[in-house]
Amino acid sequence: MGKVALVGKITHVPSMYLSELDGPRKGTRQDAIDGHKEIARRCKALGVDTIVVFDTHWLVNANYHLNCAPHWKGTYTSNELPHFISNMPYAIPGNCELGQLLAKAANEHGVETLAHHATTLGPEYGTLVPMRYMNADQHFQAVSVSALCTSHYLNDSARLGWAMRRAVEDHYDGTVAFLASGSLSHRFAQNGLAPEFAFKVWSPFLQHLDDEVVRMWKAGEWKDFCEMLPEYAAKGHGEGFMHDTAMMLGVLGWSEYTGQAEVITPYFGASGTGQINALFPVLPVSGAAVPPPVASRADGYTSVATRL
């Protein structure tokens, strides 16, 4: 029925907001902002009605969660970096129907997921920053997905992504984009050194590691990348433990996927971390390579619905 039209891995560095403001950082992240605007242009050209964001700033300790409120509006200050993002206004239309379809499909695929549509919960800046530059005209609806998963399996996150693709293609009457909002390596500069590393990656090891990953993505070496993802997430200080990347690859078909990345904003350093805007063509896949669920098969597992 529906269509997954676009999949990407995107930056959400808060210095993008600083880049708008008068001061020494003005204009310094225009390349990343322009990348977001180009992704929005492509989404519009493809007829996308909703952008689903895998947000590595939404921390959850149990289950997977979707914020699919009908509308978000407010003023946001980052608790993490209040000197970077302070008093930033936002207004984003939500998509209750799609959010609930995505959660239903995830549960049917063995990944316990809760959709929150009647909620006062606001999005985190992994969603707010991209929507600021991609959706200033509120053209798109959005759904935010928790991707800072502290106690979760990467295989379950991959399966979640695949379930969401099935939900869109089998049950949704519309066109959807999925964006993994998170960095490559994510080792922040040591306290006191942040200004020195404003435009650098923390170490040569992490820079080389990221460079090799980008090369693999551009070459379509997905079988090897999926095998190395858990170790890359650990040794590369993966943001959100790279659950956003696993979710994104689940949407694409995991190690069965053969597409090649298109880099929209070339790799860059930010406060020690490695960042990129990249898109991945959506190709037909069977889903046979997507991992089976893990948590729901564990001894003693019971659904949260039986405990509330």
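Given the structure is predicted, the values throughout are model-derived calculations rather than measurements.

Undergrad: Which residues make up the overall build of the chain, and what values do they have?
TA: The number of helices and strands found in the chain is eight helices and ten strands. Here the C-alpha atoms of the chain give a radius of gyration of 18 Å, agreeing with the 19 Å that 2.2 N^0.38 yields for 308 residues. Referenced to the eigenvectors of the C-alpha coordinate spread, the extents of the chain come out at roughly 50 × 40 × 40 Å. Considering the chain as a whole, with its 308 residues, one finds that 57% of them fall into the buried category. Counting contacts in the chain only where the partners sit at least 6 residues apart, residues at least 24 apart contribute 82% of the total. A total accessible area of about 12500 Å² is found for the chain, and carbon and sulfur atoms account for 53% of it. For the chain, the separation between the mean place of its 23 positive charges and that of its 30 negative charges on side chains is 2 Å.

Undergrad: Describe in detail the pattern of salt bridges, supporting the description with residues and values.
TA: Here the structure, examined in full by the defined rule, presents 15 salt bridges. A salt bridge links glutamate 38 to arginine 41, with the shortest nitrogen-to-oxygen separation between them at 2.8 Å. In this pair, glutamate 38 and arginine 41 both sit in helix H2 (residues 30–45), three residues apart, roughly one turn of the helix. Here glutamate 221 makes a salt bridge to arginine 215, at a shortest N to O gap of 2.9 Å. Owing to a relative accessible area of 36%, arginine 215 belongs among the partly exposed residues under this scheme. When salt bridges that share partners are traced, they join Glu38, Arg41, Arg42 and Glu262 into one network.

Undergrad: How would you explain the packing of aromatic side chains if you had to name every residue and give the values?
TA: Here the distance between the centres and the angle between the planes together describe a pair of aromatic rings. As enumerated under the stated definition, the model contains ten aromatic pairs in all. Judged by centre distance (6.0 Å) and plane angle (90°), the rings of tryptophan 222 and phenylalanine 225 are edge-to-face. Taken together, the residues tryptophan 222 and phenylalanine 225, both in helix H7 (residues 222–235) and three residues apart, mark about one turn of the helix. Both residues of the pair, tryptophan 222 and phenylalanine 225, count as buried. Ring geometry for phenylalanine 225 and tyrosine 232: centres 6.0 Å apart, planes at 70°, overall edge-to-face. Comparing phenylalanine 225 with tyrosine 232 shows no difference in burial state: the two are buried. Of the aromatic side chains, those joined through ring pairs into one cluster are Trp217, Trp222, Phe225, Tyr232, Tyr257 and Phe280. Above the plane of the ring of phenylalanine 197 lies lysine 200, whose end atom (NZ or CZ) is 4.5 Å from the centre.

Undergrad: I'd like a rundown of the nonpolar core, residues and numbers included.
TA: Of all hydrophobic cores here, the largest spans 61 residues; its most connected members are Val52, Phe54, Leu102, Phe178, Trp217, Phe225 and Phe280. Here this core takes eight residues from helix H5 (residues 154–171), the largest share from any one element. Apart from the residues lying within four places of it in its own chain, the contact partners of phenylalanine 54 are Val145, Ala147, Met164, Phe178, Leu179, Ala180, Ser181, Asp244, Met247, Met248 and Val251. Residues Ile10, Ile85, Phe268 and Leu279 belong to the second largest nonpolar core, which totals 38 residues.

About the criteria used
Residue positions are counted from 1 within each chain, in the order its sequence is given. With pLDDT at 70 or above as the cut-off, local features in this predicted model cover only qualifying residues; side-chain atom pairs require 80 or more to be listed or tallied, and sums for whole chains, interfaces and linings still use all residues. Hydrogens and water are ignored here; the side-chain numbers use all heavy atoms of the structure. Each helix is a run of DSSP H or I of at least 4 residues and each strand a run of E of at least 2, with the numbering of both proceeding from the N terminus. With the radius of gyration taken over C-alpha atoms, the globule rule is written as 2.2 Å times the number of residues to the power 0.38. Categorising residues by exposure relies on relative accessible area from a 1.4 Å probe, with only protein chains included: less than 20% of the type maximum marks a residue as buried, more than 50% marks it as exposed, and the intermediate range marks it as partly exposed. Contacts are assigned to residue pairs with any non-hydrogen atoms lying within 4.5 Å of each other. Per-residue and other accessible areas follow the Shrake-Rupley method at a 1.4 Å probe size, with only the shown protein chains counted as cover for residues. Here the positive residues are Lys and Arg and the negative ones are Asp and Glu; neither His nor the chain ends is included. For charged residues, the charge sits on one atom: NZ in Lys, CZ in Arg, CG in Asp, CD in Glu. Between Lys or Arg on one side and Asp or Glu on the other, a salt bridge is scored when a side-chain nitrogen of the former is within 4 Å of a carboxyl oxygen of the latter. Only Phe, Tyr and Trp rings are paired, with Trp represented by its six-membered ring, and only when their centres lie within 6.5 Å; those with planes under 30 degrees apart are stacked, over 60 edge-to-face, the remainder tilted. Counting as a charge over the ring demands two things of the Lys NZ or Arg CZ atom: a distance within 6 Å of the ring centre and an angle within 35 degrees of the ring normal. Only buried Ala, Val, Leu, Ile, Met, Phe, Trp, Tyr and Cys residues count toward a nonpolar core, and they belong to the same one when joined by side-chain atoms within 4.5 Å.

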